[in-house]
Amino acid sequence: MYTLYYGNELLQMTVVSSIVCEIPSAIKLWKGLAPADYYITQCGQRIDKWQNLRSSAPLRINERLTGGKGGFGSMLRAIGAQIEKTTNRDACRDLSGRRLRDINEEKRLKACTTTQQHSSKNDH
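Conventions and cut-offs
- Residues numbered from 1 in each chain as written.
- Predicted model: local features only at pLDDT ≥ 70, side-chain atom pairs only at ≥ 80, totals over all residues.
- Heavy atoms only, no water.
- Salt bridge = Lys/Arg side-chain N within 4 Å of Asp/Glu carboxyl O.
- Helix = DSSP H or I, 4+ residues; strand = E, 2+ residues; numbered from the N terminus.
- Buried < 20%, exposed > 50% of the residue type's maximum accessible area, 1.4 Å probe, protein only.
- Polar contact = N/O pair within 3.5 Å; in protein donor to acceptor, adjacent residues only side chain to side chain.
- Contact = heavy atoms within 4.5 Å.
- Pairing = 2+ DSSP bridges.
- Core = buried A, V, L, I, M, F, W, Y, C linked by side-chain atoms within 4.5 Å.
- Phe/Tyr/Trp six-rings, centres within 6.5 Å; stacked < 30°, edge-to-face > 60°.
- Lys NZ or Arg CZ within 6 Å of the ring centre and 35° of its normal.

A. View of the pattern of salt bridges. One pass over the structure, following the stated rule, counts four salt bridges. A salt bridge links Arg-108 to Glu-105; the shortest N-O distance between them is 2.6 Å. In this pair, Arg-108 and Glu-105 are both assigned in helix α3 (residues 100-123), three residues apart and thus about one turn of the helix distant. The closest approach of N and O atoms between Glu-106 and Lys-110, which form a salt bridge, is 3.9 Å. Here Lys-110 and Glu-106 lie together in helix α3, a separation of four residues that amounts to about one turn. You can call Glu-106 partly exposed: its relative accessible area is 37%. Salt bridges sharing common partners tie together Arg-98, Glu-106 and Lys-110.

Following this line, the structure appears as structure tokens:
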């Protein structure tokens, strides 16, 4: 008796003659999957030779994933070349965790207040 799992569904079957013919045909009838659309594992090991099957451990049907052609990296590089490079680092932080925008604003305010103090001293 062999146990087949497909997701959460279960099929138990008794193989009479040839395992090679009966299990794939049972899967075809049960789920409509052709042998090229799936692979079978037992105890986490992929089954390539039907002779090594143990009836005590269940078989798991895994569908094959259709792969793409790739090219995602080259697409990212092409988009990256179009994006305008920035030199604005105000959102970055220094080693103490303060934003550079705040530090630069603090420096600008100090400079502004010192120039106002100098101009007010010169006016009096």
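B. Seen up close, the side chain of Thr-41. For Thr-41, the position within the fold is in strand β3 (residues 38-42). A polar contact is formed between the side chain of Thr-41 and the side chain of Asn-62, at a distance of 3.2 Å. Sequence-distant contacts of Thr-41, defined by excluding residues within four places in its chain, comprise Arg-46, Ile-47, Pro-58, Leu-59, Arg-60 and Asn-62.

C. Layout of the environment of Thr-66. By the element assignment, Thr-66 lies in the loop between β5 (59-63) and α2 (72-82). Separated by 40 residues in sequence, Thr-66 and Glu-106 have C-alpha atoms that sit 57 Å apart.

D. Structural detail: the sheet that holds strand β4 (residues 45-46). Ordered in space as β2-β1-β5-β3-β4, the five strands form an open sheet in which the pairing is mixed. Edge positions in the sheet fall to β2 (9-13) and β4, since each has one partner strand and no second. As paired elements, strand β1 (residues 2-6) and β5 share two bridges and run parallel to each other. Bridge assignment links Tyr-5 to a residue of β5, and that residue is Arg-60.

E. Here's a closer look at the nonpolar core. Ile-23, Ile-27 and Ile-40 are the most contacted members of the largest nonpolar core, which totals 16 residues. Contributions of two or more residues to this core are made by β1, α1 (19-31), β3 and β5. If sequence neighbours within four positions are ignored, Ile-27 has contacts with Leu-4, Gly-32, Leu-33, Tyr-38, Ile-40 and Ile-61.

F. Quick look at the packing of aromatic side chains. Under the definition given, this model contains one aromatic pair. On the numbers, 6.4 Å between centres and 70° between planes, the contact of Tyr-6 with Trp-30 is edge-to-face. Separated by 24 residues along the polypeptide, Tyr-6 in strand β1 and Trp-30 in helix α1 bring together distant segments of the chain. Relative accessible area serves as the criterion here: at 24%, Trp-30 is assigned to the partly exposed category. The cationic tip of Lys-31 hangs over the ring face of Trp-30; the distance from NZ or CZ to the ring centre is 5.3 Å.

G. Layout of unusual backbone geometry. Of note, the phi angle at Cys-43 is positive, near 55°, even though the residue is not glycine. Tracing the sequence through the fold places Cys-43 in the loop between β3 and β4.

Just distances and angles here, no functional claims.
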